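Structural features, examined
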Amino acid sequence: MAGTAGRAAKAMRAGHQASAGELLELVRSGRATTRGALQQATGLSRATVGQRLDRLFRAGWLREGAGGPVDSPQGGRPSITLEFDDEHAVVLAADLDTRHGRAAVVSLSGEIQAEHHGSLRIEDGPDAVLGELGCWFAELLEKAGQRADAVCGIGIAVPGPVDTDTGKVVQPPIMPGWDGYDIRGRLGRAFAEHAGIKSAGGAGGDTGAGVTRSGARIPVLVDNDANLMAYGEQRTGYPDCSAFALVKVSTGIGAGMVVGGSIYRGVDGGAGDIGHIRVGADALCRCGSYGCLAAVASGGAVARRLAESGVPATSGSDVRDLLTAGHPEAMALAREAGRRVGDVLATVVTLLNPGVLMIAGDLAGTPFLTGVRELLYQRALPRSTAHLDVVTSRLGERAGLVGAGALVVEYLYAPERVEERLAALGV
């Protein structure tokens, strides 16, 4: 949000008066945190700034902080700073893998207030999985000491390509029965049922799938798991990185990219699906094709090779446990898988030119990372890797939850949506 103040000033010169939503964005970004600074950034009069801020205070979205620097060079009393009130609501977040799920109550600043993880099998189908998630959410709210009508939105990460306009997964290779399913509507209804609140429609492009007791609509946002992991990691650990890539290697393989501070999804949500790039092998992939990267280098592929040699392993999480225990065959196969992925990533790095390439998921340990680096630096042009950091996850298994929470917050407090929500609240 580095250019927010400049954009506001440019808009003023074009005859546009900054809205309450744009003032909130300036405060949230830290670009203008006093009344005087807001006047200077927007060109609005003191009275108009006061009117805009009054709406935000009445909505409960702003609060006054400690005294800031003196606005006037002639001195005087310190100006009162303005802060986004991150305690006025909470977000529900979920991250689904093929065999497990995680759910949490997340504050508007990204702090996890209550969390649960457990067995949740994607192959059981969306109705059962999302119904269970609704139950988890209701229990987590009680654990966090939050009321259901404190929830302002729900974010969910799924292991497949998502059309974010509709919130539906599109031909997901490892999510049988989920193609085109109304995730928003079902999850909203499940939460409403278990939390004891009214439910509302969530069909088509409408992100709303429930209403609180106060009558506010609860949006449900759905995105790919690697996308939301990348978003969470970039925002919390690498906010100044303008091109960030994350590769998740678990039962399958997927990548998420954050470019210019926003998730890059492609034209219909298919960006980053590197697990189905053909690499010349003859292994059958779960998508039905032969030779996909995921068929030979994912956690599932490594588990199959271990099982063939008599080592009990059926999934990426089993491989992770073996790697943690230092199992020599698992470590050798993970390094080999890393080399295959590194070969593909050489092309990704050359195309995207990221500043950070993060390896996450079940295989994200030293053996796999070593293999990635071997082939990546061997195959990619030196120019593409000169300023590249190849790292592992900082947030670990919480990355998807943090990203899902951040996605909801940025959606709800975007300037244009702030205006809509203030109008709905009647302030």
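All of these numbers come straight from a predicted model, not from anything done at the bench.

**Considering the nonpolar core**
In terms of nonpolar packing, the biggest core is built from 53 residues, with Leu38, Leu56, Phe244 and Tyr413 touching the most fellow members. Excluding residues within four positions of it along the chain, Leu38 makes contact with Leu23, Leu26, Val27, Ala32, Gly43, Val49, Leu53 and Leu82. In terms of nonpolar packing, the next biggest core, distinct from the first, is built from 40 residues, Ala337, Val341, Leu363 and Leu376 among them.

**A few points about the pattern of salt bridges**
Inspection of the entire model under this criterion finds 24 salt bridges. Put simply, Asp127 and Arg186 hold a salt bridge, and the shortest N to O gap is 2.7 Å. You can see Asp127 sitting in helix H5 (residues 126–144) and its partner Arg186 sitting in helix H6 (residues 183–195), a full 59 residues away along the chain. Across the pair Arg320 and Asp321 runs a salt bridge whose closest N-O atoms are separated by 3.8 Å. Ionic contacts of the salt-bridge type, sharing partners, join the residues Arg102, Glu115, Arg320, Asp321, Asp362, Glu397 and Arg398 into one network.

**What to know about the packing of helix H4 (residues 46–59) against helix H15 (residues 415–425)**
Taken N-terminus to C-terminus, the directions of H4 and H15 make an angle of 65 degrees; their axes are 11 Å apart at the nearest point. Between H4 and H15, the angle is such that the two are roughly perpendicular. Two packed elements cross with a definite hand, and for H4 against H15 that hand is left-handed. Residues Arg55, Leu56 and Ala59 of H4 touch H15, and the partners they reach there are Val418, Glu419, Leu422, Ala423 and Leu425. Residue composition of the contact of H4 with H15, grouped by class: six nonpolar, no polar and two charged.

**A look at the confidence of the model for the protein chain**
Chain-level pLDDT for the protein chain is 90 on average; 89% of the residues reach the 70-or-more range. The model gives residues 1–9 a pLDDT under 50, and that stretch makes 14 contacts with residues more than four places away or in other chains. Contacts of residues 201–205 to residues separated by more than four positions or lying in other chains number 14 contacts, the stretch itself having pLDDT below 50.

Definitions and limits used
- Residues numbered from 1 in each chain as written.
- Predicted model: local features only at pLDDT ≥ 70, side-chain atom pairs only at ≥ 80, totals over all residues.
- Heavy atoms only, no water.
- Core = buried A, V, L, I, M, F, W, Y, C linked by side-chain atoms within 4.5 Å.
- Buried < 20%, exposed > 50% of the residue type's maximum accessible area, 1.4 Å probe, protein only.
- Contact = heavy atoms within 4.5 Å.
- Salt bridge = Lys/Arg side-chain N within 4 Å of Asp/Glu carboxyl O.
- Helix = DSSP H or I, 4+ residues; strand = E, 2+ residues; numbered from the N terminus.
- Axes fitted to C-alpha atoms, helices over the stretch in contact; angles between N-to-C directions.
- Parallel < 35°, antiparallel > 145°, perpendicular 65-115°, else oblique.
- Left-handed = near helix turned anticlockwise from the far one by under 90°.
- Nonpolar A, V, L, I, M, F, W, Y, C, P; charged D, E, K, R; others polar.
- pLDDT = per-residue confidence, 0-100.

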